[in-house]
Amino acid sequence: MSVNLQTPIDYLKGVGPNRADLLRSELGIHTYQDLINLFPNRYLDRTKYYKINELQRHSAEVQIIGKIIGFKEVAQKRGKRLVGTFQDDTGSIELVWFRGQKWIRDSIKLNTPYVIFGKINWFNGVFNMPHPELEVLSEHNNNLRSSMQAIYPSTEKLANKGITNRVLTKIMQNLFLETKGRFTETLSESMISELKLLPKSEALFNIHFPKNQELLSRSEFRLKFEELFYIQLQLILKNLIHKSKIKGFPFEYIGDYFNTFYNDHLPFNLTNAQKRVIKEIRQDLGSNAQMNRLLQGDVGSGKTIVAFMSMLMALDNGFQACLMAPTEILSVQHYQGLSELSKTLNISIKILTGSTKTSDRKKIHESLENGELQLLIGTHALLEDKVKFKNLGLAIIDEQHRFGVAQRSKLWKKNTSPPHILVMTATPIPRTLAMSVYGDLDISIIDELPPGRQAIKTVHRYDKNRLKVLRFMRDEIEKGRQVYIVYPLIQESSALDYKDLMDGYESIVREFPQPNYQISIVHGKMKPADKDYEMQRFIKGETQIMVATTVIEVGVNVPNASVMIIESAERFGLAQLHQLRGRVGRGAEQSYCILMTSHKLSQDSKTRLETMTRTSDGFEIAEVDLKLRGPGDIMGTQQSGILNLKIANIIKDKDILQSARFYAKRILEKDPSLGQKEHLVILQTYRALSKYKNIWNYIS
Ligand code: ADP
Ligand code: MG
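Residues numbered from 1 in each chain as written. Chains lettered and ligands numbered in written order. Predicted model: local features only at pLDDT ≥ 70, side-chain atom pairs only at ≥ 80, totals over all residues. Heavy atoms only, no water.

Basically, it comes down to this: UniProt positions are given in the numbering used here, feature names are shortened, and annotations may be inferred rather than shown by experiment.
Within an unreviewed UniProt entry, the label attached to the chain reads ATP-dependent DNA helicase RecG, and the organism entered is Psychroserpens algicola. Quoted straight from UniProt, the Sequence similarities (unreviewed entry) entry for the chain says "Belongs to the helicase family. RecG subfamily."

What follows is the structure, encoded as structure tokens:
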């Protein structure tokens with residue numbers, strides 16, 4: 001009879017009510033199960049013994065054999081500390097106790113060989129070790145111990161209340177004794193044998209009490225795999241359920257619109273990536289299920305034409321389509337671009353934004369409802385209740401992270417049955433992360449830029465070299481180019497940032513005086529109409545320099561702009577720097593990105609700048625970004641629970657993640673309901689996990 005792992009932690013030997021409360025509040029450990037899943041942060045090699053003359057100032061925990069030859073008491077601000085002199089044949093250090101001094105004095109035998117263990121400090125020219133673990137050498141040698149000692153996550157409060165790593169280890173031992181270390185297997189036999197995984201019980205034992213490095217590695221692998229496997233299983237299941245429940249409109253035909261455009265009016269040859277993605281979309285749209293697809297592609301990778309051709313598929317089947325963008329400027333650009341693409345096809349297309357005149361608005365509403373209007377482009381204005389389609393078949397959202405999930409679902413309600421949804425984003429999310437985060441979306445990636453693009457030259461310059469940078473600007477403007485200068489605007493310091501922006505603007509106006517030069521400025525405090533006016537002047541080429549905050553970040557397309565200067569670049573995140581750089585390099589000219597910084601740079605800033613100057617591959621940049629910031633800051637990951645991983649690490653363990661996903665997929669393809677006998681254990685584990693809030697709290 002095995003012990004029920006849902007038993008409250010209070011019942012475990014060595015725990016008791018006080019400790020139970022602390023374990024609950026500090027580590028979220030409520031049950032035996034929670035305790036087993038408290039995985040060590042790291043391990044210490046307890047086979048290594050240091051000599052005192054080998055100690056380094058930065059040594060962490062060390063283990064030394066020696067004798068205590070005497071004690072002294074040292075008065076300090078409050079009370080006193082007890083200091084013992086500890087000696088081996090190479091030197092001596094001080095052992096220090098601030099608490100429990102009487103007990104130490106009474107129980108320690110002087111001049112007897114001990115093994116001490118603890119963290120080394122360097123203070124006033126001497127090494128010391130506060131509150132060491134002590135064990136008489138002869139006993140130490142008799143004890144069976146794992147050569148690698150688990151170090152558990154802890155908190156200050158736990159440590160202060162005496163729940164040290166030693167105590168946690170002891171409690172963990174008790175748990176293994178009480179359960180006899182027998183735990184229910186949670187993966188199927190075939191997976192275990194195919195992947196040569198350690199059985200569950202063995203993995204759990206070795207993760208807490210590793211017998212050797214090899215078993216530890218295999219235990220880690222097994223447990224990480226399992227954790228990721230069940231997350232993937234859940235994400236894929238959700239997706240399958242979504243597809244079976246929500247019927248889409250099957251776009252059965254590829255008709256005249258698509259074919260005419262494809263055969264006669266394509267403005268350029270599609271890249272292979274574009275072709276592949278169009279095929280993926282075509283497959284979704286042709287099936288009975290509603291499409292819910294994320295299209296990722298770096299800035300300039302050519303998402304617009306993919307969007308357009310998808311829209312043509314809708315039109316060919318008698319449906320309407322819409323495209324929603326986060327800003328007025330972007331909507332206008334899309335409107336212009338799509339009008340251009342569709343002009344030979346005799347398609348009715350309109351734009352609807354906050355500034356659309358009431359009379360036009362009325363006409364748009366009418367023609368939408370009676371079906372005369374085929375394509376509608378616009379901002380959030382599309383979401384208003386008054387906007388009703390006759391038969392919306394496809395909704396495309398550009399720059400997805402500006403829209404919430406709630407807004408996405410609002411689009412759904414524009415119809416009796418939800419339209420197909422294509423979400424486009426230029427924020428590259430590493431594929432591994434994307435597939436575990438956007439479980440409810442299928443993903444297409446354009447990972448190839450159109451041919452003939454010149455790489456953008458990116459350099460890092462310090463503020464003191466500003467004169468040279470100004471000279472360079474002048475030369476480029478001389479050649480007919482346009483220049484962006486972008487300033488950071490961080491919410492918390494916005495007053496200061498505005499001052500920087502305005503100071504910068506004024507000095508640029510001095511350096512580039514009228515009438516030879518015209519300068520635009522755009523920032524968030526301006527009225528939308530003024531912003532738009534300034535933006536339009538720059539787009540039309542009436543101004544040569546655009547001074548701005550990051551409002552220009554998203555999607556704006558000015559092919560003649562070839563220089564991007566980013567002020568205080570050290571204050572921007574990688575994703576933002578990459579987005580900003582993407583504003584240039586859109587035309588035929590050689591483009592430049594200049595990252596201006598002060599001299600004081602943190603290590604992370606240096607890494608960011610180095611990454612930007614080294615590569616322009618959005619996915620590579622995203623990987624670095626992920627490493628620097630962790631997945632917590634990546635858009636959309638907050639709700640996904642991928643952050644609450646107990647043992648796996650989404651970045652370091654991406655190979656395991658891929659394999660876990662592969663197996664989850666394979667099993668569900670064979671057995672979508674997990675009804676087969678060999679999958680019983682998976683079904684049971686999955687159900688248990690789904691109920692088990694602590695692990696599974698990312699169920700949305
Ligand atoms: P984004 O993915 O950033 O939205 P766009 O769709 O705006 O990119 O495309 C960027 C530019 O590249 C546009 O000027 C577009 O006409 C051009 N373009 C897109 N695809 C191709 C291609 N296959 N060959 C040549 N130029 C292309
Ligand atoms: Mg775009």
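**Some points on the packing of aromatic side chains**
Applied cut-off: Only Phe, Tyr and Trp rings take part, Trp by its six-membered ring, and two of them pair if their centres are within 6.5 Å. Stacked means planes under 30 degrees apart, edge-to-face means over 60, and tilted covers everything else. Think of it this way: any DSSP run of H or I at least four residues long counts as a helix, any run of E at least two long counts as a strand, and we number them from the N terminus. Partly exposed describes any residue whose relative accessible area lies between the buried limit of under 20% and the exposed limit of over 50%, with all areas from a 1.4 Å probe on protein chains only and scaled to the type maximum. Note on geometry: a ring has a charge over it if NZ (lysine) or CZ (arginine) is within 6 Å of the ring centre and within 35 degrees of the ring normal.
Counting across every chain of the model gives 18 aromatic pairs. Measuring from ring centre to ring centre gives 6.3 Å for Phe-221 and Phe-225, while their planes differ by 20°; the resulting arrangement is stacked. Of this pair, Phe-221 and Phe-225 both sit in helix 9 (residues 213-245), 4 residues apart, roughly one helical turn. Owing to a relative accessible area of 31%, Phe-221 belongs among the partly exposed residues under this scheme. Ring centres of Phe-229 and Tyr-230 lie 5.0 Å apart, and the angle between their planes is 85°; this geometry places the pair in the edge-to-face category. With a relative accessible area of 0%, Phe-229 lands in the buried category. In this structure an aromatic cluster arises from ring pairing among Phe-221, Phe-225, Phe-229, Tyr-230, Phe-662 and Tyr-663. Lying across the ring of Phe-512, Arg-474 places its NZ or CZ 4.9 Å from the centre.

**Some thoughts on the site of ligand 1**
To keep it simple, the criterion reads: The cutoff for a nearby residue is simple: one of its non-hydrogen atoms must lie within 4 Å of the molecule or strand. Whenever a nitrogen or oxygen atom comes within 3.5 Å of another N or O atom, the pair is scored as a polar contact, on the condition that within protein one atom can donate a hydrogen and the other can accept it, and that pairs from neighbouring residues in sequence are kept only if both atoms are in side chains. What sets the accessible areas is the Shrake-Rupley method with a 1.4 Å probe; for residues, cover comes only from the shown protein chains. Following the grouping adopted for this structure description, the nonpolar residues are Ala, Val, Leu, Ile, Met, Phe, Trp, Tyr, Cys and Pro, the charged ones are Asp, Glu, Lys and Arg, and the polar ones are all others, Gly among them.
Around ligand 1, the surrounding shell holds 15 residues, and the nearest of these are Asn-269, Gly-300, Lys-303, Thr-304 and Arg-453. Take Asn-269: an N or O atom from its main chain is 2.8 Å from a nitrogen atom of ligand 1. Within the side chain of Arg-586, one N or O atom sits 3.5 Å away from an oxygen atom of ligand 1. In isolation ligand 1 offers 570 Å² of accessible surface; the protein chains occlude 76% of this area. Classifying every residue of the shell around ligand 1 gives 4 nonpolar, 7 polar and 4 charged.

**So, the environment of Tyr-517**
The cut-off we apply is this: Here, two residues are considered to be in contact whenever any of their heavy atoms come within 4.5 Å of each other.
Within the secondary structure layout, Tyr-517 lies in the loop between helix 18 (494-511) and strand 19 (519-522). Taking C-alpha positions, Tyr-517 is 21 Å from Asn-557, a pair spaced 40 residues apart along the chain. Ignoring anything within four residues of it in the chain, the contact list for Tyr-517 reads Arg-474, Ile-477, Phe-512 and Gln-544.

**What to know about the sheet that holds strand 19**
Going by this rule: At least two bridges found by DSSP between two strands are what make those strands a pair. For helices, the fitted line uses only the C-alpha atoms of the stretch in contact; every axis is such a line through C-alpha atoms, and the angle between N-to-C directions lies from 0 to 180 degrees.
Pairing is parallel in the open sheet, where 6 strands are placed in the order 17-22-21-18-20-19. Two strands lie at the open edges of the sheet, namely strand 17 (457-462) and strand 19, each paired on one side alone. Between one strand axis and the next, the sheet turns by 20° as a mean value, whatever way the strands run. Here strand 18 (residues 482-486) pairs with strand 21 (residues 561-566) via 5 bridges, running parallel. The partner of Ile-485 across the bridge, within strand 21, is Ile-565. Packing of helix 17 (residues 466-478) onto the sheet brings it into contact with strand 17, strand 18, strand 20 (545-548), strand 21 and strand 22 (592-597), and relative to strand 22 it is tilted by some 155°. Packing of helix 18 onto the sheet brings it into contact with strand 18, strand 19 and strand 20, and relative to strand 19 it is tilted by some 175°.

**Quick word on the domain arrangement of the chain**
Which entries qualify depends on this criterion: Source of the domain bounds: an automatic or database domain assignment.
The domain architecture assigned to the chain consists of domain 1 (1-41 + 147-182), domain 2 (48-144), domain 3 (256-446) and domain 4 (457-615). Look at where the C-alpha atoms of domain 2 and domain 4 centre, and you get two points 59 Å apart.

**A closer look at the pattern of salt bridges**
When the charged atoms of two side chains lie near each other, side chains of opposite charge can form a pair. Here is the rule we go by: Note on definitions: salt bridges are taken to be side-chain nitrogens of Lys or Arg within 4 Å of carboxyl oxygens of Asp or Glu.
Applying the stated rule across the entire model yields 29 salt bridges. With its nearest N and O atoms 3.8 Å apart, the salt bridge here joins Glu-280 to Arg-293. On the criterion of sequence distance, the pair formed by Glu-280 in helix 11 (residues 272-286) and Arg-293 in strand 10 (residues 292-297) is long-range, its members being 13 residues apart. Salt bridges sharing common partners tie together Arg-276, Glu-280, Asp-284, Arg-293 and Asp-447.

**Regarding the packing of helix 11 against helix 12 (residues 303-316)**
Put simply, the test is: The labels follow the angle: roughly parallel below 35 degrees, roughly antiparallel above 145, roughly perpendicular from 65 to 115, and oblique for the rest. The crossing is said to be left-handed when, going from far helix to near helix, the turn is anticlockwise and less than a right angle, and right-handed when the turn is clockwise.
As a packed pair, helix 11 and helix 12 sit with axes 10 Å apart at the nearest point and diverge in direction by 30°. The angle between helix 11 and helix 12 places the two elements in the roughly parallel class. Considering the relative orientation of helix 11 and helix 12, their crossing is right-handed. Facing Gln-274, Val-277, Ile-278, Ile-281, Arg-282 and Leu-285 of helix 11, the residues of helix 12 in contact are Ile-305, Val-306, Met-309, Ser-310 and Met-313. Here the residues of the contact of helix 11 with helix 12 sort into 8 nonpolar, 2 polar and 1 charged.

**Brief notes about the pairing of strand 9 (residues 148-151)**
Here strand 9 shows no split at all, with Met-148 and Ala-150 on one side and Gln-149 and Ile-151 on the other all buried. Two elements, strand 1 (residues 42-45) and strand 9, share 4 bridges in a ladder whose sense is antiparallel. When the sheet's bridge partners are listed, Asp-45 is paired in strand 9 with Met-148.

**Description of the side chain of Thr-379**
Here Thr-379 is to be found in the loop between strand 13 (375-378) and strand 14 (392-398). Assessed through its relative accessible area of 9%, Thr-379 is described here as buried. Apart from the residues lying within four places of it in its own chain, the contact partners of Thr-379 are Met-324, Ala-325, Thr-327, Glu-328, Ser-331, Leu-352, Thr-353 and Gly-354.

**Looking at the environment of Gln-518**
Residue placement: Gln-518 occurs in the loop between helix 18 and strand 19. Sequence-wise, Gln-518 and Ser-301 are 217 residues apart; in three dimensions their C-alpha atoms are separated by 31 Å.

**Focus: helix 13 (residues 328-342)**
Applied cut-off: Take the number of residues in a helix, subtract one, and multiply by 1.5 Å to get its expected span.
Along its 15 residues, helix 13 runs 21 Å from first to last C-alpha, staying within 8% of the 21 Å computed at 1.5 Å per residue. Inspection of helix 13 places Ile-329, Leu-330, Ser-331, Val-332, Gln-333, His-334, Leu-338, Ser-339, Leu-341 and Ser-342 among the buried residues, and these make up the whole buried set.

**Re the environment of Pro-672**
Assignment of secondary structure puts Pro-672 in the loop between helix 23 (654-670) and helix 24 (680-691). Spatially, the C-alpha atoms of Pro-672 and Pro-559 are 49 Å apart, while their sequence positions differ by 113 residues.

**Notes on the packing of helix 9 against helix 23**
One can describe the packing of helix 9 onto helix 23 by two numbers: an axis separation of 8 Å at closest approach and a directional angle of 50°. As the angle between them shows, helix 9 and helix 23 are arranged oblique. When you trace helix 9 past helix 23, the crossing you get is right-handed. Together, Phe-221, Lys-224, Phe-225, Leu-228, Phe-229, Gln-232, Leu-233, Ile-236, Leu-237 and Leu-240 of helix 9 and Ile-656, Leu-657, Ser-659, Ala-660, Arg-661, Tyr-663, Ala-664, Lys-665, Ile-667 and Leu-668 of helix 23 make up the contact between the two elements.

**Comments concerning unusual backbone geometry**
For the bond from Gln-514 to Pro-515, the omega torsion is 0°, close enough to zero to count as cis. Within the element layout of this structure, Pro-515 appears in the loop between helix 18 and strand 19. A positive phi is found at Lys-180, a non-glycine position, where the angle reads about 55°. Tracing the backbone through its elements, the reader meets Lys-180 in the loop between helix 6 (165-179) and helix 7 (189-194). Judged by its relative accessible area of 62%, Lys-180 falls in the exposed class.

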